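What the coordinates show
What follows is the residue order along each chain.
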Amino acid sequence: MATKVLVPRLGEGVDEVTVTKWLKQVGDSVNELEPLLEVNTDKVDTEIPAPASGTVLKIVMQEGTPAKVGQVLAFIGKPGESVDVSGSQVSSVKSASVSAVQITQSVTPDTSHVTRDTGFISPVVAKIAAEHGVNLSQVQGTGLNGRITKNDVLNFVENGKPVAAKPANVEPVNIQPVTGDQLIKHTVIRKQIAEHMVMSKHTSPHVLTVMEVDMNRVVKHRSANKEIFARDGVNLTFTAYFLTAIVAGLKAYPLTNSSWTDEGLLVHKSINIGMATSLGEEGLIVPVIKNADNLSLLAMARSVNDLANRARSKKLQPDEVKGGTFTLTNHGVSGSLFAFPVINQPQCGILGVGAMQKRVVVIDDAIAIRPMVYLSFVFDHRILDGASADWFLAKVKETLENWS
């Protein structure tokens, strides 16, 4: 009997994916746990492994097609075997979803002795564990809520030694000629960005306020501690400072860490800050630093390094781009001084950081040269008024200018 390949549940709240690329075609042979296709959800690309060895008999969902969790993607079986394509949902059949659900056993052959619940295991993690014969119950997870990540498995294989992530394969942009002009087909990510940005501008009234910050104390602190952080394998970037200052602002003015609802303001208990990360021509993605208010500067910098690196190498998990309550975007990396970012709905606001420049300023009636940066805060005018927005931004400014 042919095996159905189903859409696995890739994380909490992920009910639908988009098929972006089939790695195998009809007639191709495939081994169990070998990557079969790629899907995208919330701008995160994930490989789905084959649930069984055999031949790809039929592909049900073509590239670019959305599919619900549990829906049939393809069939794998023996050459010439017939398949029943009626119905798109199944409840109890061997499928790709077994590698992306709550499991209590390792994917190694001998699992009779395993009793610890390993929690959510992504298809990629399951594949790597199987390839290396790793018993997942023995791996300590460092992901959200103790989840086991790809790096956890690789580090376990290497006995604690860090493993460098391989760069993601970059495919050429699909360009089609149109009577002398060129049509660049939209990618799934570009479509998602466009839809979200248009929705955001139609949802909330955007207002911009800008303040200038003297980064002298931060620059000195970073220079004094960069080498120390490097000993712990952490690159101390300015982003960690901005995120920490945002935390101070959100704690001082909790309404900034809220969302608008028809019933009232939903003030979030957790401070989860999204960090806009460029993917080059493909667009951007916003991984989220959960419970940022509990992180030291070292821990914040480590999270920034980890999420940024995995975002650019397409190794994020779907739930790592969900649950944000505020967003930081560093548009200054390309030289921009200040901007008017678009709010990441349903959040209250987004803070843009411009390029740092040495400028002549007046301090205590004396002329000085200081590293200065513009902070552009865009907020939902339904939630904040000009004064309350400026109070928040002033707190961020104060935190940076008085860093010790």
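Notes on the structure follow. (Residues numbered from 1 in each chain as written. Predicted model: local features only at pLDDT ≥ 70, side-chain atom pairs only at ≥ 80, totals over all residues. Heavy atoms only, no water.)

**Description of the environment of I343**
Tracing the backbone through its elements, the reader meets I343 in the loop between strand 20 (326–329) and strand 21 (349–353). For I343, a relative accessible area of 0% corresponds to the buried category. In this structure the C-alpha to C-alpha distance between I343 and T327, which are 16 residues apart in sequence, comes to 8.0 Å. Contact partners of I343, with chain neighbours within four places excluded, come to S200, S204, H206, C348, G349, I350, V378, F379 and D380. (Helix = DSSP H or I, 4+ residues; strand = E, 2+ residues; numbered from the N terminus. Buried < 20%, exposed > 50% of the residue type's maximum accessible area, 1.4 Å probe, protein only. Contact = heavy atoms within 4.5 Å.)

**Section: the packing of aromatic side chains**
Evaluated as defined, the whole model comprises 8 aromatic pairs. Considering the side-chain rings of Y241 and W403, the 4.9 Å spacing of their centres and the 70° angle between planes classify their relative orientation as edge-to-face. Here Y241 is found in helix 5 (residues 238–252), whereas its partner W403 is found in the segment after helix 7 (386–401), with 162 residues between them in sequence. The same class applies to Y241 and to W403, which are both buried. On the basis of an interplanar angle of 35° and a centroid distance of 6.0 Å, the ring pair of F326 and F377 is categorised as tilted. With F326 in strand 20 and F377 in strand 23 (residues 366–380), this pair connects stretches of sequence that are 51 residues apart. Summarising the burial analysis for this pair, F326 and F377 share the class buried. Aromatic rings pair up to connect F326, F377, F379 and F392 into one cluster. (Phe/Tyr/Trp six-rings, centres within 6.5 Å; stacked < 30°, edge-to-face > 60°.)

**Concerning the sheet that holds strand 8 (residues 72–77)**
Spatially, the 4 strands line up as an open sheet ordered 1-8-6-3, and their pairing is antiparallel. Pairing within the sheet leaves two strands with one partner each, and these edge strands are strand 1 (3–6) and strand 3 (29–30). Inspection of the sheet shows strand 1 paired to strand 8 by 4 bridges, in the antiparallel sense. Looking across to strand 8, one finds that K4 is bridged to F75. (Pairing = 2+ DSSP bridges.)

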